[in-house]
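Descriptive structure summary
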Amino acid sequence: MSLSNLLSIQDLDSKIIWQILHTADEFKNPNGGKPKKVAALNGKTVINLFFEDSTRTRISFETAAKNLGADLINFSAKGSSVSKGESLKDTAQTLKAIGGDIVVMRHWASGAAARLANANWIDASIVNAGDGTHEHPTQALLDVYTIWKHFGDDFSKLKIGIVGDILHSRVARSNLLLLSKLGAQIYLIAPRTLLPMGFDKDHSTLPGVSVSYSLDAVLPELDVIMELRIQQERMEGGFFPSATEFSNLYGLRKERLSKLKENAIILHPGPMNRGLEIDATSADSEKSKVLEQVQNGVLVRMAVLFLIGTKS
């Protein structure tokens, strides 16, 4: 099955999801260490088009492209013609003239990646590396890959808690869609003010999704706890009274670690606000798989670029 673009988890069926995961696994070095390097994209050009800062995601895609033998162009909106008022269309046409084959795009506006993919401005495949508060598909895929490597194929047995700023989080949206497709039981854990419309403790707009206003009430049931970064740059008002209160009620703290199942794991998309959504003890504990997520991110992004770049 071919993959032309990656814009949203909604566009993926279970077959392509598992194909991405298994392809990522093929790039894993069985002896540990760096992923395998192959020349699968030799002669192809990958362009990182970032209208928002994101060192982790950009470097991950950059490493993935280089591991596949692709030529790489990093394009940052800051200091470029974009900061002087150049439109997305003008930028895309410039990249078309350069000759990019795959454009990895991060943008502050929801829907920007789909807009670029659906317009006739550029002859390239588009990978959404995060668009506004909409989605971040490859982050969800690497999270699921991490969960899969710890718990195996049957997601229907897993209870996964997504905690914190769900309202503003594109990571939460992509994970909700992906984990629902795989049959996991999902708990959204947040104050009412940080939940999207359609979600409350008595109602959910997705099957298999429950809502809790209390972390402590559901913590002992969870196999996976995914703490989200507080999206301070996206907040325009007071969504909770204080950082201290949020940390007390929803932060993963030392005293909560003992309540987790013995084999439970902790995920965080990064960067972490230590002391807010997660404390140092939790972030550095054996249950924390944050660094594994970073390593797995390269594998998953290699898989996505490989499947797009080698499609027939």
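The structure presented is a predicted model; accordingly, all values stated were derived computationally and were not measured. (Residues numbered from 1 in each chain as written. Predicted model: local features only at pLDDT ≥ 70, side-chain atom pairs only at ≥ 80, totals over all residues. Heavy atoms only, no water.)

Before going further, it helps to spend a moment on the nonpolar core. If you look at the biggest cluster of nonpolar residues, it comprises 84 residues, and the most contacted ones within it are I20, V104, I147, F155, L188, I225 and L305. No other element matches helix α11 (residues 290–309), which puts 9 residues into this core. Counting residues in each nonpolar core, the second largest holds 20 residues, with A77, L95, M105 and A124 among its members. (Core = buried A, V, L, I, M, F, W, Y, C linked by side-chain atoms within 4.5 Å. Buried < 20%, exposed > 50% of the residue type's maximum accessible area, 1.4 Å probe, protein only. Helix = DSSP H or I, 4+ residues; strand = E, 2+ residues; numbered from the N terminus.)

The next point concerns the pairing of strand β5 (residues 159–163). Within β5, 4 of the 5 residues are buried, leaving the element largely enclosed by the surrounding structure. As paired elements, β5 and strand β6 (residues 185–189) share 5 bridges and run parallel to each other. Directly across from V163, in β6, lies its bridge partner I189. Tracing the backbone out of β5, into helix α6 (residues 170–181) and back to the parallel element β6 gives a crossover that is right-handed. Relative to strand β8 (residues 224–227), β5 is paired through 4 bridges, and the arrangement is parallel. When the bridges of β8 are listed, G161 appears paired with I225. (Pairing = 2+ DSSP bridges. Right-handed = clockwise from strand over helix to strand, strands pointing away.)

Further remarks concern the domain arrangement of the protein. When its domains are assigned, the protein resolves into domain 1 (9–136 + 294–309) and domain 2 (137–289). Summarising the inter-unit geometry, the C-alpha centres of domain 1 and domain 2 are found 25 Å apart. The interface of domain 1 with domain 2 comprises 31 residues on the first partner and 25 residues on the second. When domain 1 packs against domain 2, close to 2600 Å² is buried across both sides, 65% of that on carbon and sulfur atoms. There are 2 salt bridges connecting domain 1 and domain 2. Note that K149 and D25 form a salt bridge whose closest N and O atoms lie 3.1 Å from each other. At the junction of domain 1 and domain 2, the tally comes to 13 residue pairs in polar contact (both at pLDDT 80 or more). Contributing elements (two or more residues each) for the side of domain 1 that touches domain 2: α1 (14–26), α2 (55–67), β3 (102–107), β4 (125–131) and α11. The dominant element in the side of domain 1 that touches domain 2, judged by the number of residues it contributes, is α1, at 7 residues. Looking at the side of domain 1 that touches domain 2, its residues break down into 12 nonpolar, 11 polar and 8 charged. (Domains from an automatic or database assignment. Contact = heavy atoms within 4.5 Å. Buried area = accessible area lost by both parts, 1.4 Å probe. Salt bridge = Lys/Arg side-chain N within 4 Å of Asp/Glu carboxyl O. Polar contact = N/O pair within 3.5 Å; in protein donor to acceptor, adjacent residues only side chain to side chain. Nonpolar A, V, L, I, M, F, W, Y, C, P; charged D, E, K, R; others polar.)

Taken as a whole, the largest pocket encloses approximately 620 Å³ of empty space. In this structure, the largest pocket is lined by 31 residues; those nearest its centre are S54, T57, R106, G270 and P271. Elements represented by at least two residues in the lining of the largest pocket include exactly α2, α5 (137–151), α6 and α11. Within the lining of the largest pocket, the residues separate by chemical class into 9 nonpolar, 13 polar and 9 charged. Per-domain counts for the lining of the largest pocket show at least three residues from each of domain 1 (9–136 + 294–309) and domain 2 (137–289). Roughly 330 Å³ of volume is contained in the second largest pocket. In terms of lining, the second largest pocket is formed by 15 residues, of which the most central are G33, P35, Q295, N296 and L299. Within the residue set of the lining of the second largest pocket, elements represented by two or more residues are α5 and α11. It is α11 that contributes the most residues to the lining of the second largest pocket, 5 residues altogether. (1 Å grid on protein atoms, 1.4 Å probe; cavity = no way out; pocket = protein on both sides within 12 Å on 5 of 7 lines; lining within 4 Å. Points joined across faces, edges and corners; volume = space filled by probe spheres on them.)

Before going further, it helps to examine the side chain of E227. Relative to the helices and strands, E227 is located in strand β8. Engagement of the side chain of E227 in a polar contact is seen with the backbone nitrogen of L252, the distance being 3.4 Å.

Moving on to unusual backbone geometry. In the segment running from G270 into P271, the intervening peptide bond is cis, with an omega of -10°. Here P271 lies in the loop between β9 (265–267) and α10 (280–283).

Okay, the pattern of salt bridges next. The tally for this structure, following the rule as stated, stands at 12 salt bridges. In this structure, the salt-bridge partner of D123 is K96, at a minimum N-O distance of 3.8 Å. Taken together, the residues D123 in the loop between α4 (112–118) and β4 and K96 in helix α3 (residues 88–98) connect sequence positions 27 residues apart. According to the relative accessible area criterion, K96 is partly exposed, its value standing at 39%. Among the salt bridges present, the one from K159 reaches E221, with a minimum N-O distance of 3.4 Å. With K159 in strand β5 and E221 in the loop between α7 (215–218) and β8, this pair connects stretches of sequence that are 62 residues apart. Classification of E221 by relative accessible area gives partly exposed; the value is 30%.

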